[in-house]
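Observations on the three-dimensional arrangement
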Amino acid sequence: MSRLGAVVFVLAVSVQAGLAELVLDKFPASFVFGVSSSAFPTEGASRDEGKGPSIWDEFAKNNPSLGDSSVASDGYHKTREDVQRIKDLGVSHYKFSLSWPRLLPNGTLDHINEAGFTHYNQLIDLLLAANVQPFVTLHHWDLPQALQERGGWAVDDSVGWFKDYAELCFTRFGSKVKLWTTIDDPVTLAYKGYETGAHAPGIKQPGLLYKVGHNLLLAHAAAYTLYKTTFKATQNGQVGIALHSDWFVQNSTSVADVTAAQRALTFQLGWFLEPLTKGDYPTLMKERVALKRSAQGFPDHKMQEFTLDERIKIQGAMDFVGISYSSVYLVSESLSTSTVPGFYQDQELVLQVDTSYPSLEYRPETNPASERRLMGSHLKDLLTTLTSSYNNPPIYVTHSGLGSCGTLKDQHRIEYIREYSNYVLQAIQAGSDVRGYFVWSLVDGWDWERGTSSKTGLYYVDMGQADRPRFPRSSAAFYRALVKARGLDQELRSYRACKGPSIWDTFAHNNKLASGQTGDVACDSYHLYQEDVAMLKTLGVDFYRFSIAWSRVLPDGRAGSLNQNGVDYYNRLIDALLANNIKPMVTLYHWDLPQALQDQGGFMNDSIVSLFEDYARVCFEQFGDRVSHWITFNEAYVISWLGYGVAVFAPGVYDPGFGTYRVAHNIIRSHSRAYHLYKDHFKAKYGGSVGITLDIEWKEPLTDSLDDVLAADRAIEFKLGWFGNAIYGGSGDYPAVMKQYIAEKSSRQGLNTSRLPEFTAAERSLNKGAYDFLGMNHYTSNLVSDRTRANSEPNYEQDQDIETRADPCWPGTEADWLKVNPWGVRNILRWAKEHFNNPPIYITESGRPSQDVLGDTDRIYYYKYYINELLKAIRLDNVDLRGYTAWSLMDNLEWTSGYYSKFGLYSVDFDSVNRTRTPRDSAKFYSQLIQDNGFPRP
């Protein structure tokens, strides 16, 4: 939640915080991890067992739009099960607050509610039995309403009320509690409770602001002194105060803005810390408030003065400081002439949300000016400043968390915890005495400003159910792993909710896609798959080709990491397709290798062959009863050359002369293993078929010369034959021309062996005939000429001794590599028939990009004439062509082109929260073509 008042927003380009800035290291052995909560947001039971009303009960009642707070998450009745959840997290400490009106219904010792003490004793005992230490806050904003009716924190008596309450708590619980905070975030309590009225008790009297802050400081010092003189010797605990501070950065290099940023930090952090470390308020603050308020005609609003005795008691009145931090603000000086007094008018500055940091909104486009940002790096700045400016106190980060809409796959909260906790570690390494880190919060509750609409818990609470059931979010598993590891390792550094990170997630988040775009939401088909199926039904297609994300089913790439949520998603999709008489055609691998496997070398590591076989087995087992067509790999050439050769696609490995061939070798071996796995263990049961999809252009000789004719055929062998010859050609091996050229080149380059790996006899036998069909992706054609490169460097492209270009008469498209030449598809189909023993063939991708318009006549032309060439291949050339797949159903993330390249039959509005899909004219054309099953005679 925002801890500040009126803030204006500045829109800027988003900058992704780099994972490279995070350190892979362990926290000190003495460092503690915890989780935190607060009484009013979580306990509920607002009038149960003798509890008196608090100011927040009254405030919530008067603000019904925030939702019912009387039950909240019902923590009062779920103590035992919540303690079990705390234990399951593996944390050593639990920070919670006592409800003052639950213990003292009217706020004073006149009425002690023993049921309240019984409740908290039970909680403390259960924690200790679970080896979790209680970290107890005496007051987190929920003052008894009876005391508010006597003036609340604005009257001097409040110091005595709090001291009496603290003494009772120390007496009753102190033998079992070793860490206490007196008051949580007193600045927000004073500012929003007594100046703006945004918080309980809802008072709007700027003149009370500093008086309330003064009494809170005196109350804290009184409780601290009491504990130190009366209880510390026997109970051996520590008492601190929990403060909140944001970080402030000057909005320009001007001296005025630099000093304004320093002033903002002094007003927020120094207001309480300077008296506690130096015995008095900051001089800057005292002088500025007195000057400003006097000029406005309110000389009595100046900050209160401490007596000498009070200064002595306040200075050093803490054993530690708790700190919470959330945001970074840009600060500009603003010399106000307003006659309305106020906290920010006193400071004469304007705060702006720094939107250059990554948004943590579930749907960032719905709230581009959101304060929810990933700003962890400045937590380190805050901690080191606190250390250097305030006598190096022991510090606990007592409140670190993110509010959201409530998704259980809360990747943003994972990123928040990962980054913020890591910068705590970096502050420790820089010399700060930080002793613990606490995630806010254990479970969802009633948010101070957003009521039931903001969810902060590691555990989701279904507020719509009377029994308030809890369910763990992905962040709970992440935090448990972080606590266990006591810091980040490689796995936690790339940990993701719902699915593990793939190489394309990493590639995108390293700004490798157009305009820094990512696939984090893309078309949102994970949530909108039913709309997609409805679109397919409208088109009238017979089958739908889609790929399974390896990292969604097996987040770390290995069979032991099965993610049931991922399996469930694909089951829902497959079942929805079948319910609409659409057959699923499933690709196992469409380029998105789990990052965890890439960290071990990916397809350059021979172990990938067995890992892919294991992954294929999981998919066959989970989905094989309903999937009749399987494709092992999509466009093996792209993986090998663009991903591991020239590094323009993920994973971005540059190894054009050696690595690209090693990757291709392992892809072929992986395919063959998966094919035989299905044939031997699943085919008899399910009757399905397995193939591989290879991408290929038609290669037309530039001239009629024999050299160019041979060069064009060589180009096909080096691309389609590279993978297809071993599987479909009958030899189980690479094309002879490939082996010859690469061996000769390798020899001239001083190598003893060819850069092209060799298959064993057993592998050749396994490769040969490892197919039930061939998938071909075809988009365009090339003109090819012979070009000898006698002294080439090790490089796949230079190994071929060719040069390619496009015919100037072929129409261009929005993609510079894609020229429209319909007759090329018939030629390449005929080539495959003749060289690969006439296998059953599916065109598994074909299409073109167009402008982002609905009247896409250029795409209609493409489909009409390309598909007509297919009919010729069937009728005239006797190609065994079984099906055609248009690419694509809808606009999507077109890899490094991002969202700019529009291939969809359906347009997608990527600026819409709903990712609205709209049919283009080509969708209507394609649907009619399917209905007519071709081109009817006029």
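Below: a short report on this structure.

Conventions used here
Residues numbered from 1 in each chain as written. Predicted model: local features only at pLDDT ≥ 70, side-chain atom pairs only at ≥ 80, totals over all residues. Heavy atoms only, no water. Axes fitted to C-alpha atoms, helices over the stretch in contact; angles between N-to-C directions. Helix = DSSP H or I, 4+ residues; strand = E, 2+ residues; numbered from the N terminus. Parallel < 35°, antiparallel > 145°, perpendicular 65-115°, else oblique. Left-handed = near helix turned anticlockwise from the far one by under 90°. Contact = heavy atoms within 4.5 Å. Nonpolar A, V, L, I, M, F, W, Y, C, P; charged D, E, K, R; others polar. Buried < 20%, exposed > 50% of the residue type's maximum accessible area, 1.4 Å probe, protein only. Pairing = 2+ DSSP bridges.

Attention now moves to the packing of helix α24 (residues 636-643) against helix α27 (residues 706-728). Between two packed helices, both the angle of their axes relative to each other and the distance between the axes serve to describe the pair. Their axes nearest at 10 Å, the elements α24 and α27 cross at an angle of 120 degrees. Relative to α27, the element α24 lies oblique. In this structure, the crossing between α24 and α27 has a hand that is right-handed. Contacts between α24 and α27 involve Ala636, Tyr637 and Ser640 on the former and, on the latter, Lys719, Trp722 and Phe723. Its residues placed into classes, the contact of α24 with α27 shows four nonpolar, one polar and one charged.

In this section: α24. Burial analysis of α24 places eight of its eight residues in the buried class, which makes it a mostly covered element. Buried positions along α24 lie against β16 (583-589), β17 (629-634), α25 (659-681), β18 (689-695), α27 and α30 (796-799).

Of all seven residues that make up strand β4 (residues 133-139), six are buried, and the element is covered over most of its length. Two elements, strand β3 (residues 93-97) and β4, share five bridges in a ladder whose sense is parallel. Considered in β4, the bridge of Phe96 is made with Val136. Summarising the sheet, β4 and strand β5 (residues 179-184) pair through four bridges and their orientation is parallel. Paired with Phe135 across the two strands is Leu179, which belongs to β5.

A separate point is the sheet that holds β16. The sheet built from seven strands is open, its strands ordered β15-β16-β17-β18-β20-β23-β24 with parallel pairing. Sheet topology places β15 (543-547) and β24 (881-884) at the edges, where each strand pairs with a single neighbour. In this sheet, adjacent strand axes meet at a mean angle of 25 degrees when their direction is disregarded. In this sheet, β16 lies alongside β15 in parallel orientation, the contact comprising five bridges. When the sheet's bridge partners are listed, Phe546 is paired in β16 with Val586. Here helix α21 (residues 564-579) sits on the sheet in contact with β15 and β16, set at roughly 170 degrees to β15. Packing against the sheet, α24 makes contact with β16, β17 and β18, and its axis sits at approximately 45 degrees to β18.

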